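Secondary and tertiary structure notes
Spelled out, the chains give:
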Amino acid sequence: QVQLVESGGGLVQPGGSLSLSCAASGSFFGISNMGWYRQAPGKQRELVAAITWGGTTNYADSVKGRFTISRDNGKNTVALQMSSLKPEDTAVYYCNADVRRTILTTLTTYWGQGTQVTVSS
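Reference entry: report on the structure contained in this document. (Residues numbered from 1 in each chain as written. Predicted model: local features only at pLDDT ≥ 70, side-chain atom pairs only at ≥ 80, totals over all residues. Heavy atoms only, no water.)

1. Here's the deal with the packing of aromatic side chains
How two aromatic rings sit relative to each other is given by the distance of their centres and the angle of their planes. Summed over all chains, the structure comprises one aromatic pair. Here the aromatic rings of Tyr 37 and Trp 111 are separated by 5.0 Å at their centres, their planes lie at 70°, and the arrangement is edge-to-face. You can see Tyr 37 sitting in strand S4 (residues 30–39) and its partner Trp 111 sitting in strand S10 (residues 107–111), a full 74 residues away along the chain. Exposure remark for Tyr 37: the relative accessible area of 23% places this residue in the partly exposed category. Residue class for Trp 111 comes out partly exposed when judged on its relative accessible area of 38%. Positioned above the aromatic ring of Tyr 94, the side-chain terminus of Arg 45 is 3.7 Å from the ring centre. Looking at Arg 45, its charged tip hangs above the ring of Trp 111, at a distance of 4.7 Å from the centre. (Phe/Tyr/Trp six-rings, centres within 6.5 Å; stacked < 30°, edge-to-face > 60°. Helix = DSSP H or I, 4+ residues; strand = E, 2+ residues; numbered from the N terminus. Buried < 20%, exposed > 50% of the residue type's maximum accessible area, 1.4 Å probe, protein only. Lys NZ or Arg CZ within 6 Å of the ring centre and 35° of its normal.)

2. Quick notes on the pattern of salt bridges
A complete count under the given rule lists four salt bridges for this structure. A salt bridge links Glu 46 to Arg 38, with the nearest nitrogen and oxygen atoms 2.7 Å apart. Looking at Arg 38, the relative accessible area reads 6%, which means it is buried. Here Arg 38 makes a salt bridge to Asp 89, at a shortest N to O gap of 3.0 Å. Of the two residues, Arg 38 sits in strand S4 while Asp 89 sits in the loop between strand S8 (77–82) and strand S9 (91–100), which places them 51 residues apart along the sequence. Asp 89 shares its class with Arg 38; the two are buried. Each of Arg 38, Glu 46, Arg 66 and Asp 89 takes part in a single network of salt bridges with overlapping partners. (Salt bridge = Lys/Arg side-chain N within 4 Å of Asp/Glu carboxyl O.)

The following block contains the structure:
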């Protein structure tokens, strides 16, 4: 089984910064893309940022210039550095990863349990 465990959420004031991290554990051959999604109350889950195994990144327009995604392939971790946070960034943030369980299997997407980020004064 593959598990993704997130950490780092919390309460921060507008304009502040917060870092999220996510670690993949279990038995698998390798991880392709990793990313962060978020879901605010009453809204659909949306992509925040994604990163390929080679380090190519993709960001939602709403977070470009404020958020930075990074990964450590040796440790199977992905991080999201968030700065200049706004109240509209408030949401549950989910980590995801496209995992290949064995050299012969296709990719399967796994999700973390989510971590709450609240931006409020």
